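# Observations on chain architecture
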Amino acid sequence: MCCDGDCRPLGFLLGLPFAFVSLLISIVGVAVWIVGLLLSCICPCCLCVTVLVELALELIKAPFHVMEWFTSKIPC
């Protein structure tokens, strides 16, 4: 049946509200990423802008990380 693989539909449905919050956070990450890219083009020697862009990329990936984590915690 479903328990053989990584098929956890109940975990997916329960994780949707958390994924929605993560989606909002990732939209903030996109804005920070765009600003960080512009700043890194203006001043490429500034290391803190590079760290800011890396943080923004992790914020953009947040919904995927949340859904993977949440579905892995729900037993089949």
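## Let's talk about the overall build of the protein
For the protein, the count of helices and strands is three helices and zero strands. Of the regular secondary structure in the protein, the N- to C-terminal order runs α-α-α. When the accessible surface of the protein is summed, it comes to about 5,600 Å², and 80% of that surface belongs to carbon and sulfur atoms.

## Here we look at helix α2 (residues 47-60)
With 14 residues, α2 ought to run about 20 Å at 1.5 Å a step, and its terminal C-alpha atoms sit 20 Å apart, in line with that. Buried within α2 we find V49, V53 and A56. Buried residues along α2 cover an arc of 60 degrees about the axis, so they all sit on one side. Opposite the buried face of α2, at more than 90 degrees from it, the exposed residues are L47, C48 and V51.

## Notes on the environment of L38
Counting through the fold element by element, L38 comes out in helix α1 (residues 9-42). On the basis of relative accessible area, L38 is assigned to the exposed category, the value being 54%. With eleven residues separating them in the primary sequence, L38 and V49 have C-alpha atoms 9.5 Å apart.

## Re the side chain of S26
By the secondary structure assignment, S26 is in helix α1. Classification of S26 as buried rests on a relative accessible area of 6%.

Cut-off values and rules
Residues numbered from 1 in each chain as written. Predicted model: local features only at pLDDT ≥ 70, side-chain atom pairs only at ≥ 80, totals over all residues. Heavy atoms only, no water. Helix = DSSP H or I, 4+ residues; strand = E, 2+ residues; numbered from the N terminus. Areas by Shrake-Rupley, 256 points an atom, 1.4 Å probe, with all protein chains shown as cover. Expected span 1.5 Å × (residues − 1). Buried < 20%, exposed > 50% of the residue type's maximum accessible area, 1.4 Å probe, protein only. Arc of directions from axis to C-beta.

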